[in-house]
Structure formats: structure tokens, C-alpha cells
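# Descriptive analysis of the structure
Each chain, letter by letter, is given below.
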Amino acid sequence: MNIAGQLNKAERQLLTDAILNTPTKPKVVLEVGTWLGGGSTLHILQALEKNQCGHLWGIEADRSIYESMLANIRAALPAASARFTPLFGHSQKVIPEWLAQHGKDFQIDVVFLDGGNNPAEQITEFRAIDARMPPGGILMSHDAKLRKGKWLIPYMRSLDNWESQIHDVSAEGLFFARKIKPQPSAESLRVARAHLLRMRLEPAELAAAFLPAPICGAVLRLLPDRLSLKLGQGKV
């Protein structure tokens, strides 16, 4: 069964390898943004099934897409569906509730972020899960070279308890980071926060944060295509 999905072949392989080629088999995997299930969701589940270990929780915020994704996964990979718990809603609400349900000792081994295009979403998601990821934990995100990753990637690169790289295997880019110690130094955290504040205060980001979406859309439509794409969701 062929299910529509994001990520190209190289990106899917990198995500699969992150689960298969770790010293300790991942037990807890979190995905934000399943879409129809044929990209990251299906390949994560296939890797967990190959490991015969681990469980995936996948968050999707669009109801119609969520329902289609459920049907697709059940049809395409029935043997691995027991390793999958779908979570409906927006990540900023779903993640804290999910973590609270599992208790303070619950840890996350692998995270894949591919939700909405607003760069604030990935920062919020990362801050919600960072303390729950032990050294050796892996975080990957899609659209690393687009607006979606505009805040998260510089922020994480400033933290000295994460090592990271961007895999330049697509126009969007795939970000890979591994946690190397439990906490960042105070200085690296200060630098990361200062850098994030500067990015939040950029005029385009302030406009996106405070102006209604229809007005932002109208402004973008008035701009030249190249500038509109850059400000909206294009390369940063």
C-alpha cells in the first residue's frame, strides 16, 4: 500500500538509521506532525518493529488528516500498529498533558519535529521535552533550512550539551541533534536565550506574532514573490 508522506528517500533513511543504529534501542519516540502517515510515521514504526522494541506517540492537529492517517497506518502496517499511539491536537497543549500522564521519571529517547511553519512551535516543543531527554537522546526536525527551523536550530547550536548538524539532502534540510550531557552550561544557555530574543524581535516576526493572520497574508501577497516566500516559509 502506497501512502502519501513527507520526506524524500534519503531523509527517511536517516530517520530510520537514527532508530536502528543506536547503542540502546529507543523505547519512547515522539513525533509532531504525522500528516497522512506515509513518511516519518510509517518509517519510524517499521524501524521500531525491526528492533522489536519501542513505542511511537504521534501528534497531528488537523482532524481530517488525523483520521486518514489512522486508517492508513492500520491498513499499511497492522503488525506495528500496537506500537503506535496517536495524539490529536496542537503540540503546545498535547505534549504537557502527555508528559503529565506518564509521570516525572518518563524519558524520551527520540523526537522528530515536523509540525506547523511557525518557528515558535519548535522552540515550544523543544523546551517542553528537553528535560525529559537523557544523554544519548536524539532530536531530529524537518524543514531545517526553512522558516520552521529558523529559531530552533540556532538556539540548540548555542547549547553546549547538544551536538548537531544539518543533513543537506533536500531543499528543506533535515536537522539532527544528539544530547551529550544533561544540562547546558549557564553561559551557553544565556547565549541561546539572547539569540532567541533577538530573533523574536525581528520586525517580520513581531508582525507575524501580533497581526491577525489575514492581514499578514494580505501583506505577503503584495510583496514580490521571492520576498514573500522568504518571509512566509521559504529559505532563511
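Residues numbered from 1 in each chain as written. Predicted model: local features only at pLDDT ≥ 70, side-chain atom pairs only at ≥ 80, totals over all residues. Heavy atoms only, no water.

### Let's talk about a nonpolar patch on the surface
For clarity, the threshold we go by: Excluding any residue in a salt bridge, patches collect residues exceeding 30% relative accessible area, merging like charges within 9 Å and nonpolar Val, Leu, Ile, Met, Phe, Trp and Tyr side chains within 5 Å. For the area figures, the Shrake-Rupley method with a 1.4 Å probe applies, and any residue is considered shielded solely by the protein chains shown. A pairing counts as a salt bridge when a side-chain nitrogen of Lys or Arg comes within 4 Å of a carboxyl oxygen of Asp or Glu. Strands here are runs of E lasting at least two residues and helices are runs of H or I lasting at least four, both read from the DSSP assignment and numbered beginning at the N terminus. The buried label applies to any residue whose accessible area, calculated with a 1.4 Å probe on protein chains only, is under 20% of its type's maximum; exposed applies above 50%, and partly exposed to all values in between.
On the surface, Leu197, Leu201 and Leu206 cluster together to form a nonpolar patch covering roughly 260 Å² of accessible area. For Leu197, the location among the structural elements is in helix H7 (residues 186-200). A relative accessible area of 48% places Leu197 in the partly exposed class.

### Remarks on the sheet that holds strand E6 (residues 162-167)
For clarity, the threshold we go by: At least two bridges found by DSSP between two strands are what make those strands a pair. Lines fitted to C-alpha atoms define the axes, with helix axes restricted to the stretch in contact, and inter-axis angles between N-to-C directions lie between 0 and 180 degrees. Two residues qualify as a contact provided that any one of their heavy atoms is within 4.5 Å of a heavy atom in the partner residue.
The mixed open sheet is built from seven strands, whose spatial order is E3-E2-E1-E4-E5-E7-E6. Across the chains shown, the open sheet's two edge strands, defined by having one partner strand only, are strand E3 (84-88) and E6. In this sheet, neighbouring strand axes are inclined to one another by 15° on average, regardless of whether the strands run parallel or antiparallel. Each of strand E4 (110-113), strand E5 (138-142), E6 and strand E7 (174-179) touches helix H1 (residues 9-20); the most contacted strand, E5, lies at about 165° to it. Strand contacts of helix H5 (residues 119-129): strand E1 (28-32), E4, E5 and E6, with the helix running at about 170° to E5, the strand carrying the most contacts.

Geometric descriptors of this kind do not, in isolation, establish any biological role.
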